[in-house]
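# Descriptive structure summary
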Amino acid sequence: MTLWSTARAQYDAQFSQYFMAMGYYNPSYAGVSGDLNFFGLHRQQWIGMKGAPKSFFVNADMPLNIRKVQIGIGAVLFTESIGLFRNSHFGAQISYKHKLFGGTLSIGLQPGIANISFDGTKVDLGESDEHEQEDEAIPKVEASGMAFDMNAGIYYTHKHFYFGIGAMHVLEPEMELEENIFTFIGRSYNLTGGYNIQLRNPLYEIQPSVFMKTDLQSFQADITGRVVYNKMFNGGLSWRVNESVVLMLGATFGNFQVGYAYDFPVKPALLRVSSGSHEVLVKYRLKLDKSKSGQYRHKSVRIL
């Protein structure tokens, strides 16, 4: 058996607007907002670099009350092309909510299917007398493999702060791309936390936050500061440690929320080959009205 290991740190995307895309990293986030949410995000990383990652993520979630038990449900779809690879993941989320210390503790699971495909027809090993022209461990055709996957996490929200811990690819799924050629997705962990600081002027709010991700071989961290004006407009800066500076802008118009992030690389090696990364998102939030029966129903869109 040939085990062909893809780089672990490259499988999970590093979204600059992680505070909006938390459903990607932590299934316990499902139902946290108390509303029905539809979310989409596209990221074009390292513009100018051949084979750079292109990511697309969509997510929907909502809360439910079942006989006084509070849960959240959701669905996620993620796809990313990077070099000759294309990674896809689909999952269903469920989370259990419990009131604790004036806030809400959420525990969630996300069973799903992971798929990795590789276009071996585009492999170019180069021509040289110093190495073989073929490698039996690399597929020569378009190949793909699929496996069951599982994410898990906990998330705590309070009036003024939040924090969460997530574990992705808990089962470290292994899949067969071609006969006797296998690959797997390594387990990774993430930690996030944030605080809402209300200023004397009620129109302004400061929202510092952090996000850290590791596969126990590599480590990434974002330190972010954002200012929100009148709950409508927001902007801020983020520092991805030893990698990039991120400028973020966002706005809320009724039930819609939009956001944009631009990553400016600070590593000299990246600056020579890329002008940076772009990320855009849109979210639609439909408020839910809790009836006396304990179930949620939609409000009329005309009176939102």
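Note: the structure precedes this text.
Below: a short report on this structure. Here the structure is a predicted model, which means the values were calculated and not measured. (Residues numbered from 1 in each chain as written. Predicted model: local features only at pLDDT ≥ 70, side-chain atom pairs only at ≥ 80, totals over all residues. Heavy atoms only, no water.)

## Some points on the overall build of the protein
Secondary structure assignment for the protein yields three helices and 20 strands. The proportion of buried residues among the 304 residues of the protein is 44%. At a minimum sequence separation of 6, the contacts of the protein that also span at least 24 residues come to 53%. When the accessible surface of the protein is split by element, carbon and sulfur atoms take 61% of a total near 16,200 Å². (Helix = DSSP H or I, 4+ residues; strand = E, 2+ residues; numbered from the N terminus. Buried < 20%, exposed > 50% of the residue type's maximum accessible area, 1.4 Å probe, protein only. Contact = heavy atoms within 4.5 Å. Areas by Shrake-Rupley, 256 points an atom, 1.4 Å probe, with all protein chains shown as cover.)

## A few points about the nonpolar core
Phe15, Met22, Tyr24, Tyr25, Phe39 and Phe57 are the most contacted members of the largest nonpolar core, which has 23 residues in total. Elements with a contribution of two residues or more to this core: helix H2 (22-25), strand E2 (36-44), strand E4 (69-82), strand E8 (161-168) and strand E16 (244-253). Ranked by the residues each element gives to this core, the list is headed by H2, at three residues. Residues within four places of Phe15 in sequence aside, it is in contact with Ala21, Tyr24, Tyr25, Leu41, Arg43, Ser55, Phe57, Phe78, Asp222, Arg240 and Glu279. (Core = buried A, V, L, I, M, F, W, Y, C linked by side-chain atoms within 4.5 Å.)

## Considerations on unusual backbone geometry
The phi dihedral of Phe101 is positive, around 50°, even though this residue is not glycine. Within the element layout of this structure, Phe101 appears in the loop between strand E5 (85-100) and strand E6 (103-119). Despite not being glycine, Glu172 has its phi angle at roughly 45°, a positive value. Of note, Glu172 is situated in the loop between E8 and strand E9 (174-178).

## As for the pairing of strand E11 (residues 188-195)
Where E8 meets E11, eight bridges bridge the pair, whose relative direction is antiparallel. Looking across to E11, one finds that Phe161 is bridged to Tyr195. Taken together, the six bridges between E11 and strand E13 (residues 204-214) define a ladder with antiparallel strand orientation. Of the residues in E13, the one forming a bridge with Asn190 is Lys213. (Pairing = 2+ DSSP bridges.)

## Quick look at the pattern of salt bridges
What the rule picks out here adds up to six salt bridges. Where Asp35 meets Arg285, a salt bridge forms, and the shortest distance between an N and an O atom there is 2.4 Å. Of this pair, Asp35 sits in the loop between H2 and E2 while Arg285 sits in strand E18 (residues 277-286), and the two are 250 residues apart along the sequence. On the basis of relative accessibility, which here comes to 34%, the residue Arg285 falls in the partly exposed class. The residue Arg43 makes a salt bridge to Asp263 at a minimum N-O spacing of 2.7 Å. Linking Arg43 in strand E2 with Asp263 in strand E17 (residues 256-265), this pair joins segments that are 220 residues apart in sequence. You'll find Arg43 and Asp263 in the same group, each marked buried. The network of salt bridges with shared partners includes Arg43, Asp222, Arg240, Asp263 and Glu279. (Salt bridge = Lys/Arg side-chain N within 4 Å of Asp/Glu carboxyl O.)

## Description of the environment of Ala221
Mapped onto the elements, Ala221 comes out in strand E14 (residues 219-229). Of the residues examined, Ala221 reaches a relative accessible area of 8% and is grouped as buried. Once residues lying within four places of it in the same chain are set aside, the contact partners of Ala221 are Phe211, Met212, Trp239, Arg240 and Val241.

Nothing here speaks to function; it is geometry throughout.
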